[in-house]
Amino acid sequence: MKYIEINKRITDFYSITLEDILLRIQPYIENFKWSIQLIDGVGNIEKIIGMNIVELEKYCDNSPKGYIIDFSKLMTLSKTFKDIIDILIVGCEEEGKIPKAYKDDNWENNCNVIISREDSSLWQLFSQNSNIFMNLRKQ
């Protein structure tokens, strides 16, 4: 699996949002099933998913597959976040292949796409599709 990192040393780091990443990869992930595996963030998301951010955090922690969400709702959610400190989102070809991150053995191998932000300082994108990386590197 290939990956790209975007960290604080990159000039545009603080202007990169989850929405930006999703828009860039959208042409290549049309049929994937998505799961928010973990989240620590700020935003009024209750109208979108029926729970507040703290409830979503707990749900992700306790659910065997995270919070399953379709891409259009994930895009809407990404526009609503005011800040994302930590997030881990996985995209798989089938809902049945969605693993529980860090708990299932070799969980990364089941994912076609992994989007991660750690401690507000590092975005990571993992994928099996090289077109995603070419598109992300375009300015």
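Here the structure is a predicted model, which is why all the values come from computation and not from measurement.

Criteria and thresholds
Residues numbered from 1 in each chain as written. Predicted model: local features only at pLDDT ≥ 70, side-chain atom pairs only at ≥ 80, totals over all residues. Heavy atoms only, no water. Helix = DSSP H or I, 4+ residues; strand = E, 2+ residues; numbered from the N terminus. Buried < 20%, exposed > 50% of the residue type's maximum accessible area, 1.4 Å probe, protein only. Contact = heavy atoms within 4.5 Å. Areas by Shrake-Rupley, 256 points an atom, 1.4 Å probe, with all protein chains shown as cover. Arc of directions from axis to C-beta.

Draft legend 1. Representation of the overall build of the protein in the model. Scanning the protein from terminus to terminus reveals five helices and six strands. Ordering the α and β elements of the protein from the N terminus gives β-α-β-α-α-β-α-β-β-β-α. Looking at the protein residue by residue over its 139 residues, the buried ones come to 46%. Considering only residue pairs separated by 6 or more positions, the protein has 70% of its internal contacts joining residues 24 or more positions apart. When the accessible surface of the protein is split by element, carbon and sulfur atoms take 45% of a total near 7,800 Å².

Draft legend 2. Layout of unusual backbone geometry. Not every positive phi belongs to a glycine, and tyrosine 102 is a case in point at roughly 70°. Position of tyrosine 102 among the secondary structure elements: in the loop between β4 (81-92) and β5 (113-118). One non-glycine residue, asparagine 106, adopts positive backbone phi at about 50°. Relative to the helices and strands, asparagine 106 resides in the loop between β4 and β5. By relative accessible area, which is 55% here, asparagine 106 ends up exposed.

Draft legend 3. Representation of helix α1 (residues 18-25) within the structure. Every buried residue of α1 is accounted for by Leu18, Ile21, Leu22 and Ile25. For α1, the angular spread of buried residues about the axis comes to 95°, placing them on one side.

Remember that the coordinates give geometry; whether it matters functionally is a separate question.
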